[in-house]
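In case you want the letters, here they are:
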Amino acid sequence: MSSARASLGSATADPGAIGLSLFGFALFLYGVQFVVYAGAAPGAATSSVATIYAILVAAVGETLAGVLYILRGQGYQASILCGFGLWLLGLYLLLTLGAENRGFAPDAVGWYAIALIAPVAFMAIPSILHRNVAFTLAFVALAGLLLFLGIGFLAANLTAKPPVPPSVNMLRVSGILAWVATAALWYTAARIVLAIGRSPAEAAAPAAAGPAAAGPSAPVASPAGS
């Protein structure tokens, strides 16, 4: 049992690359939908269908990575990945099952996005205090994405004559911010992968100091990394 825990806590068993890579994957496709195919509403274009499925994949991957972080005893990382993972799962259900409900309105997506801004803000504090540049940039971009996504959908009024769709300009800005967050998340995921791919001899020294001091993977293993 102790050997299993030691393996789970090693730098080469860091699950962060999975969650961050898939989160960036979903954000990248989100940006494609609202920047490249500006004006596409959920379910109205092929890009939208791809985004919805990417949201589901990211939700599952992030949540599982967060659970693994719980087993590693790293609550901060678990809070981030499980929090975003479960939120994405709810967003997927809202855009699929929820959209089929007669009472569905764009306001539901708008408020669902805006409600997450406060948790994003306080989850960013440790990364800001420890000068984790990549994570700080990701959090700022995500907060902006949620704000413009929320405003964009709250601006819609499908009952008006003629109907007013979600704001294309607001959603385009949110898509650009999604790409910024993607770059920061994929940068951090790449550092973790490089740390995992080191030879056993290279990994032995930092592993002896504990999982929180694991060289390039420090941006996820510890909020103190940069």
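Structure: above.
Residues numbered from 1 in each chain as written. Predicted model: local features only at pLDDT ≥ 70, side-chain atom pairs only at ≥ 80, totals over all residues. Heavy atoms only, no water.

Okay, the overall build of the protein chain next. A tally of regular secondary structure across the protein chain gives 10 helices and 0 strands. Order of helices (α) and strands (β) in the protein chain, N terminus to C terminus: α-α-α-α-α-α-α-α-α-α. For the protein chain, the residues scored as buried account for 45% of the 226 residues in total. Counted over contacts in the protein chain with a minimum sequence separation of 6, partners at least 24 positions apart contribute 72%. (Helix = DSSP H or I, 4+ residues; strand = E, 2+ residues; numbered from the N terminus. Buried < 20%, exposed > 50% of the residue type's maximum accessible area, 1.4 Å probe, protein only. Contact = heavy atoms within 4.5 Å.)

The next point concerns the nonpolar core. Formed by 48 residues in total, the largest nonpolar core has its most connected members in Leu27, Phe84, Leu88 and Phe139. Contributing elements (two or more residues each) for this core: α2 (16-36), α3 (46-72), α4 (75-95), α5 (106-114), α6 (117-129), α7 (133-154) and α8 (168-196). Counting residues per element, this core draws most heavily on α4, which supplies 11 residues. Excluding residues that lie within four positions of it along the chain, Phe84 makes contacts with Phe23, Glu62, Leu116, Val120, Met123, Phe139 and Leu142. (Core = buried A, V, L, I, M, F, W, Y, C linked by side-chain atoms within 4.5 Å.)

Turning to α5, its buried residues number three or more, namely Pro106, Val109, Gly110 and Ala113. Buried residues along α5 cover an arc of 100° about the axis, so they all sit on one side. Lining the buried residues of α5 we find α4, α6 and α7. (Arc of directions from axis to C-beta.)

What follows concerns a nonpolar patch on the surface. A cluster of nonpolar side chains, contributed by Phe25, Phe28, Val57 and Trp186, occupies part of the molecular surface with about 350 Å² of accessible area. Mapped onto the elements of the fold, Val57 is located in helix α3. Judged by its relative accessible area of 41%, Val57 falls in the partly exposed class. (Patch = residues over 30% accessible without salt bridge, like charges linked within 9 Å, V, L, I, M, F, W, Y side chains within 5 Å. Areas by Shrake-Rupley, 256 points an atom, 1.4 Å probe, with all protein chains shown as cover. Salt bridge = Lys/Arg side-chain N within 4 Å of Asp/Glu carboxyl O.)

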